[in-house]
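One letter stands for each residue in the lines below.
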Amino acid sequence: MNDDAGKQANHPRTVLITGCSSGIGRTCALGLKARGWRVFATARREEDIAALEQEGLEALYLDYAEPESIAACVQAVAERTDGRLFALFNNGAYGQLGAVEDLSREVLVRQFEANFFGWHDLTVQVIPLMRAQGAGRIVQNSSVLGLVAMKWRGAYNASKFAIEGLSDTLRLELRGSGIHVSIIEPGPIWSKFLDNALKQFEANIDVAHSRYRMVYEERLKKLRGESRPNPFKLPPEAVLKKLIHALESPRPKVRYYVTVPTHVMAFLRRVLPWRALDAVLNRASDSN
């Protein structure tokens, strides 16, 4: 057994997971609990926290846009575990749709507060706990849109590209510490993600006065389920499977691809010239 595997085997299996009200977060929290992990699951709404507690999870309030809630969450976990947190799964996020031209500075800031700055804040606050024990796992739930960009998703693309770069840098800087950083990159997953994206779009994009009004009307049909479903969508258990490997394997991977579109786009990104890739992404943007 190598040193990292030995540290993991001798360490309590404790994990903090964000965004657990539904979808990937909830599925992963319950799946890990069933495997014997002590799971701290976060959510923003009181009713979601109560529901998680009824499932036997240790539920905590956390909103990535509220630094004080991040600090309070880390303090609570440290107190309950005597400072022995082994793993963090940054998962909570939302997608702001809309053409780049239609994104205000304020909307972009809110996207990054939830999808990037909050992740960074939470991560750097748990790293000292992992350093003190000489082992840990940090897993970031990114996206295929952290590998390639697609139209009408500029805010979300940017936040996920940023997470990819930050995570790659962190992995290099933590080399030799016993703390591993992995990135999971799902494509389409069955969840409430699109429902939340629709709410944000309607709240923040002025469709009537946009030059992309007709594009938006077509996209709204898709978001409201008025067009054919995506045949490549997988259940959130597909992400759970990758998370289990990232947390439990003595040699976790740097990246985990989930769904056919992610595998395809990762391959095309490696082999196609940029203009050819742009042509593929342009078609994909309009068909999904």
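Scroll up to find the structure.
As the structure is a prediction and not an experimental result, all values here were calculated from the model.

**Details of the pairing of strand β1 (residues 14–17)**
Residues in a regular strand project their side chains so that they alternate between the two faces of the sheet.
Okay, so step 1: Along β1, one buried face is formed by Thr-14 and Leu-16 and the opposite face, lined by Val-15 and Ile-17, is buried too.
Okay, so step 2: Since β1 and strand β2 (residues 38–43) lie parallel, the crossover through helix α2 (residues 23–34) that links them has a hand, and here it is right-handed.
Okay, so step 3: Taken together, the 3 bridges between β1 and strand β4 (residues 87–90) define a ladder with parallel strand orientation. Within the sheet, the bridge partner assigned to Leu-16 lies in β4 and is Leu-88.

**Some thoughts on the nonpolar core**
Okay, so step 1: Of all hydrophobic cores here, the largest spans 31 residues; its most connected members are Ile-17, Leu-32, Val-39 and Phe-89.
Okay, so step 2: The set of elements that each furnish at least two residues to this core consists of β1, α2, β2, α3 (46–54), β4, α9 (237–248) and β7 (255–258).
Okay, so step 3: At 7 residues, the largest contribution of residues to this core is made by α9.
Okay, so step 4: In this structure, Leu-32 is in contact with Val-15, Ile-17, Trp-37, Val-39, Leu-240, Leu-243, Ile-244 and Leu-247, ignoring residues within four places of it in sequence.
Okay, so step 5: With 26 residues, the next largest nonpolar core counts Leu-16, Phe-40, Val-77 and Trp-119 among its residues.

**So, the side chain of Ser-143**
Okay, so step 1: Considering the arrangement of structural elements, one finds Ser-143 in the loop between β5 (136–141) and α6 (154–173).
Okay, so step 2: Residue classification places Ser-143 among the buried residues on the basis of a relative accessible area of 6%.
Okay, so step 3: A polar contact is formed between the side chain of Ser-143 and the backbone nitrogen of Leu-145, at a distance of 2.9 Å.
Okay, so step 4: Discounting residues that sit within four places of it in the chain, Ser-143 has contacts with Tyr-156, Lys-160, Glu-164, Ile-184, Glu-185 and Pro-186.

**Some points on the packing of aromatic side chains**
Okay, so step 1: Taken as a whole, this structure holds 9 aromatic pairs when the rule is applied.
Okay, so step 2: Pairing Phe-112 with Phe-117 gives two aromatic rings, centres 6.1 Å apart and planes at 50 degrees, and the pair type is tilted.
Okay, so step 3: Since its relative accessible area comes to 17%, Phe-112 is described here as buried.
Okay, so step 4: Considering the side-chain rings of Phe-201 and Tyr-216, the 5.0 Å spacing of their centres and the 75 degrees angle between planes classify their relative orientation as edge-to-face. One end of the pair, Phe-201, is in helix α7 (residues 193–204); the other, Tyr-216, is in helix α8 (residues 213–223), and 15 residues separate them in sequence. For the pair formed by Phe-201 and Tyr-216, the shared burial category is buried.
Okay, so step 5: Through a chain of ring-to-ring contacts, the aromatic side chains of Trp-152, Phe-201, Tyr-212 and Tyr-216 assemble into a single cluster.
Okay, so step 6: The residue whose ring lies beneath Arg-211 is Tyr-212, and the NZ or CZ to ring-centre distance is 5.9 Å.
Okay, so step 7: Across the ring face of Trp-190, the terminal group of Lys-233 is positioned such that the distance to the ring centre comes to 4.5 Å.

Rules and cut-offs
- Residues numbered from 1 in each chain as written.
- Predicted model: local features only at pLDDT ≥ 70, side-chain atom pairs only at ≥ 80, totals over all residues.
- Heavy atoms only, no water.
- Buried < 20%, exposed > 50% of the residue type's maximum accessible area, 1.4 Å probe, protein only.
- Helix = DSSP H or I, 4+ residues; strand = E, 2+ residues; numbered from the N terminus.
- Right-handed = clockwise from strand over helix to strand, strands pointing away.
- Pairing = 2+ DSSP bridges.
- Core = buried A, V, L, I, M, F, W, Y, C linked by side-chain atoms within 4.5 Å.
- Contact = heavy atoms within 4.5 Å.
- Polar contact = N/O pair within 3.5 Å; in protein donor to acceptor, adjacent residues only side chain to side chain.
- Phe/Tyr/Trp six-rings, centres within 6.5 Å; stacked < 30°, edge-to-face > 60°.
- Lys NZ or Arg CZ within 6 Å of the ring centre and 35° of its normal.

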